[in-house]
Amino acid sequence: QVQLVESGGGLVQPGGSLRLFCAASGFTFSSYMMAWFRQAPGKEREFVAAISGIGGWTSYEDSVKGRFTISRDNAQNTAYLQMNSLKPEDTAVYYCARHKYVTSASDYESRESYNYWGRGTQVTVSS
C-alpha cells in the first residue's frame, strides 16, 4: 500500500535551516507529482511547494520563494524540502502528499488534488 513518511522537523531559531524528508513506498514514485503542504494551529492546510515526477518542474508558494527548495531522488523514493532563512511564521506541521493522477499536475496547489498524505512533521521556528 502507499505510504508516505515525513521526517526532519524540529525546533530551530529564526534564520536557521532544516531539511525535511518524505520517504515513499507502495507506488512508482517517479510517475507522480509530489508536494509539501503545511498547517499552522487554527489555520487551513496550505500549499508550500510541488515537484514533477521527473523533477524538472517545481512551483512554490510566494512566501517561501527564494528560501525553500523542493527536490526528489527517484532512485531513493524520497522527496525533500530544504528550508533556509526560517521565520516564526513558518511554524507548522509539514505534510508530504502524492498527486492523485499519474504524470498529472492538475490543480497542483489544491489539497483536493492529492489523495495520499503522510502524518506530518512539526517545524517550530522560535528563539
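For the structure itself, consult the block above.
Read on for an overview of the structure. Just so it is clear, the structure is predicted and the values come from calculations on it, not from any experiment.

1. Remarks on the sheet that holds strand S8 (residues 78–83)
- Spatially, the four strands line up as an open sheet ordered S1-S3-S8-S7, and their pairing is antiparallel. Taken across any chain shown, the strands that pair with only one partner, and hence form the sheet edges, are strand S1 (3–7) and strand S7 (68–73). The average undirected angle you get between the axes of adjacent strands in this sheet is 15°.
- In terms of strand pairing, S7 meets S8 through six bridges, oriented antiparallel. Paired with Ile70 across the strands is Leu81, a residue of S8.

2. Topic: the environment of Asp73
- Structurally, Asp73 can be placed in strand S7.
- Taking the C-alpha atoms as reference points, Asp73 and Gly53, 20 residues apart in sequence, are found 10.0 Å from one another.
- Within the structure, the side chain of Asp73 is placed 3.0 Å from the backbone nitrogen of Ala75, a separation counted as a polar contact.

3. Considerations on the packing of aromatic side chains
- Under the defined criterion, the tally for this structure stands at nine aromatic pairs.
- Relative to Phe47, the ring of Phe37 has its centre 5.8 Å away and its plane inclined at 80°; by these criteria the two rings are edge-to-face. Of this pair, Phe37 sits in strand S4 (residues 34–39) while Phe47 sits in strand S5 (residues 46–51), and the two are 10 residues apart along the sequence.
- A centroid spacing of 6.2 Å and a plane angle of 65° characterise the contact between Tyr114 and Trp117, whose relative ring orientation is edge-to-face.
- In textbook terms, an aromatic cluster arises when at least three aromatic residues are bridged by ring pairs, as seen for Phe37, Phe47, Trp57, Tyr108, Tyr114 and Trp117.

4. Topic: the pattern of salt bridges
- For the structure shown, the criterion picks out five salt bridges.
- In this structure, Asp62 and Lys65 form a salt bridge, with 3.0 Å as the shortest nitrogen-oxygen distance.
- On the basis of relative accessible area, Asp62 is assigned to the exposed category, the value being 57%.
- A network of salt bridges, in which partner residues are shared, links Arg38, Glu46, Arg67 and Asp90.

What counts and what doesn't
Residues numbered from 1 in each chain as written. Predicted model: local features only at pLDDT ≥ 70, side-chain atom pairs only at ≥ 80, totals over all residues. Heavy atoms only, no water. Pairing = 2+ DSSP bridges. Helix = DSSP H or I, 4+ residues; strand = E, 2+ residues; numbered from the N terminus. Axes fitted to C-alpha atoms, helices over the stretch in contact; angles between N-to-C directions. Polar contact = N/O pair within 3.5 Å; in protein donor to acceptor, adjacent residues only side chain to side chain. Phe/Tyr/Trp six-rings, centres within 6.5 Å; stacked < 30°, edge-to-face > 60°. Salt bridge = Lys/Arg side-chain N within 4 Å of Asp/Glu carboxyl O. Buried < 20%, exposed > 50% of the residue type's maximum accessible area, 1.4 Å probe, protein only.

On their own, these measurements won't tell you what the molecule is for.
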